[in-house]
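# What the coordinates show
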Amino acid sequence: MSDTAYSGKRITCDYLIVGSGLAGMTAALEAAKHGRVIMITKGKAEESNTRYAQGGIACVIDEGDSFEAHVQDTLTAGAGLCHPDVVRAIVSAAPERVRDLQACGLHFTLQKDVEENSSSAQGNQYHLGQEGGHSNRRILHAGDITGREVSDVLLARCRENPSIIILENHLAVDLISTRHIEWQGENCCLGAYVIDTATHEIKTFLSKFTMLATGGAGKVYLCTCNPDIASGDGIAMAYRTSAEICNMEFYQFHPTILFHPKAKSFLISEAVRGEGAILKVKKGDRYETFMENYHPLASLAPRDIVARAIDNELKRSGQPCAYLDIRHHSEEFLRKRFPNIFKECLKFGINMAEDLIPVVPAAHYCCGGVRTDVNGVTTIKRLYAIGEVGCTGLHGANRLASNSLLEAMVVAYNAVCHSVGHPASIPEISANIIPDWSKGDAVDSDEQIVISHNWEEIRRLMWDYVGIVRTDKRLERAKNRIRMIRKEIEKYYWNFIITPDLIELRNLASVAEMIIDSAIARKESRGLHFNADYPPAPIDSKGKDTVLRRPLKSEIWFE
Ligand code: FAD
Ligand code: SIN
């Protein structure tokens, strides 16, 4: 159903879904079987982290593989912080959710699409990718544009579904909860205030169930492969509503982003290393391998270890980048296996079959988020968090490659099932007592520079002080600065009429502070959180989640 069919300032629905990535669209299609769905998204419906996914979806499909092996790989990468029951539930649900995707029209790459001389029987089997930390080839992929294919087929299914209204250019500003009204019961989500980014009108959406599917927060760092939408809105909104937020110190840096002044943070998939690419650094006139000094799996070690190793080598040598060497493969194979990466590299004069590929690490994935169970159930009634915005316990201290698309599908599906099974828990609240957005005494802004300046400053300070390697001193510096920046932003927010840029900046600052606070709270090095002042936690030691929660009664955002 097109968004022209919809208008009005106060809108009610059964399901309000915030975000149109894999999690949002999976939930929308499932929820449409049970009620009226509105899926809002702050830009074009196509724009999401999902769209840029390359490697694929981890799913046990091969007879030589097993759920238990996938579970163990996930637990090992997660460095003692995964919730094993959640890992088992998500890993074992993978084949069923993958079949749903295929029913929507997704085609995964087959052996015959990639390999020369594949016999016809074998040729019709899936070509399974290999990525860091996986003990088996188990990554289903659609060439090297898995995310684009997923996004296109699901969006087509959503658009043709009469029970789903898609509203583009609608940015959720804040969740509406029982905090906004006289209500003595449990904190309960009632919908969201949403700004139409074309008209700047703020609308009131009231829903039986609200599902945050807003993705990650890569924009909090100066260098990231995430698109601009990734400003952590869902995590910040949930925090303001006093939901529990978990493990924010674990931000994953992807080791291999193309290093070229004109390439806008283009990812070179870990699947390239899965096909044998070796990491090298330049020493004098020579290019030398180094990963064997850091981990037995060398270039295919878990991501935290590879990113840290590259960071260390570059700091030591003063070189600007590391290199991937996949020249042992023919151009024909590389063009078939990585058509998009090959084309993109060629744009910058790099022929993967003949040249080394310059790469650097960049912020990639938020392992923490709104605390949920495997059904996306948050600590706020009627509010679900699904996909990257949530923290189920699957990833622990470091996400295993290609487990996030999987998690997004499984948890989104589970969330709808859970909502259907729990209608009785919904309190009856008359819509009349829920206020519309009030702009109070706010006036138009006099100085937009505050927004761009603080945006840059946050991203730089996070990169410099809260990046791949942290220390107590760096974290303390970061905390002092973010407090000042947030005070300034809050003052600006309440004095001036809000705009989409200001809303995103406020969210970004809030997420930055959550990452810093969580990093300060963790007095050990574990997984992605490496603090040079603390030794690594012993392998096999069980860690504890870091949980943040804004006190419910306080309406004051900071002291
Ligand atoms: P997203 O896909 O990010 O969607 C979020 C949606 O929410 C967007 O539509 C956005 O516009 C909307 N939104 C955000 N805030 C608001 C707001 N305030 N109001 C309204 N709408 C809002 N994972 C894998 O498993 N395998 C891979 O191969 C892989 N490759 C990746 C490659 C790249 C370059 C990147 C960046 C990530 C990759 N990941 C991969 C991670 C994976 O893509 C994401 O974790 C996953 O797609 C997240 O899906 P999502 O639906 O939770 O969020
Ligand atoms: C990649 O293709 O390297 C990204 C995979 C992921 O982030 O899971």
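Everything discussed here concerns the structure shown above.
I will try to describe carefully the structure that is included in this document. Here the structure is a predicted model, which is why all the values come from computation and not from measurement.

### Points about the overall build of the protein chain
Summing up its helical and strand segments, the protein chain has 15 helices and 18 strands in all. For the protein chain, whose C-alpha radius of gyration is 23 Å, the value lies close to the compact-globule estimate of 24 Å for 559 residues. With respect to the three principal axes, the spread of C-alpha positions in the protein chain is 70 × 55 × 45 Å. Per-residue burial for the protein chain yields a buried fraction of 62% across its 559 residues. Sequence-distant contacts in the protein chain: of pairs separated by 6 or more residues, those separated by 24 or more amount to 74%. About 22,000 Å² of surface is accessible on the protein chain, with carbon and sulfur atoms providing 51% of the total. Separation between the mean location of the 64 positive side-chain charges and that of the 71 negative ones in the protein chain comes to 3 Å.

### Topic: the sheet that holds strand 9 (residues 245-246)
Here four strands make up an open sheet; going across it, the order is 17-15-9-18 and the pairing mixed. Of all strands in the sheet, those with a lone pairing partner are strand 17 (390-391) and strand 18 (547-548), marking the two edges. The strands touched by helix 7 (residues 233-240) are strand 9, strand 15 (369-371) and strand 18; relative to strand 15, the strand with the most contacts, the crossing angle is about 40 degrees.

### Quick notes on the site of ligand 1
Looking at ligand 1, there are 37 residues lining it, with Thr50, Gly56, Asp233, Glu388 and Ser404 nearest. In this structure, Gly55 approaches ligand 1 through a main-chain N or O atom, which is 2.8 Å from an oxygen atom. Within the complex, 98% of the 1,000 Å² of free accessible area of ligand 1 lies under protein. Among the secondary structure elements, those contributing two or more residues to the shell around ligand 1 are helix 1 (22-31), strand 6 (170-177), strand 14 (357-366) and helix 12 (404-421). Per-element accounting of the shell around ligand 1 gives the leading share, three residues, to strand 6. Counted by class, the shell around ligand 1 contains 13 nonpolar, 19 polar and five charged residues.

### Structural notes on helix 14 (residues 472-495)
Between its first and last C-alpha atoms helix 14 spans 35 Å; for 24 residues at 1.5 Å apiece the expected length is 34 Å, and the two agree. Those residues of helix 14 not exposed but buried are Leu475, Ala478, Lys479, Ile482, Ile485, Arg486, Ile489, Glu490, Tyr492 and Tyr493. Looking at the buried residues of helix 14, the elements they touch are strand 6, helix 13 (449-465) and helix 15 (500-521).

The rules behind the values
Residues numbered from 1 in each chain as written. Chains lettered and ligands numbered in written order. Predicted model: local features only at pLDDT ≥ 70, side-chain atom pairs only at ≥ 80, totals over all residues. Heavy atoms only, no water. Helix = DSSP H or I, 4+ residues; strand = E, 2+ residues; numbered from the N terminus. Rg over C-alpha atoms; globule rule 2.2 N^0.38 Å. Buried < 20%, exposed > 50% of the residue type's maximum accessible area, 1.4 Å probe, protein only. Contact = heavy atoms within 4.5 Å. Areas by Shrake-Rupley, 256 points an atom, 1.4 Å probe, with all protein chains shown as cover. Lys, Arg positive; Asp, Glu negative; His and termini not counted. Charge placed at Lys NZ, Arg CZ, Asp CG, Glu CD. Pairing = 2+ DSSP bridges. Axes fitted to C-alpha atoms, helices over the stretch in contact; angles between N-to-C directions. Near = heavy atom within 4 Å. Polar contact = N/O pair within 3.5 Å; in protein donor to acceptor, adjacent residues only side chain to side chain. Nonpolar A, V, L, I, M, F, W, Y, C, P; charged D, E, K, R; others polar. Expected span 1.5 Å × (residues − 1).

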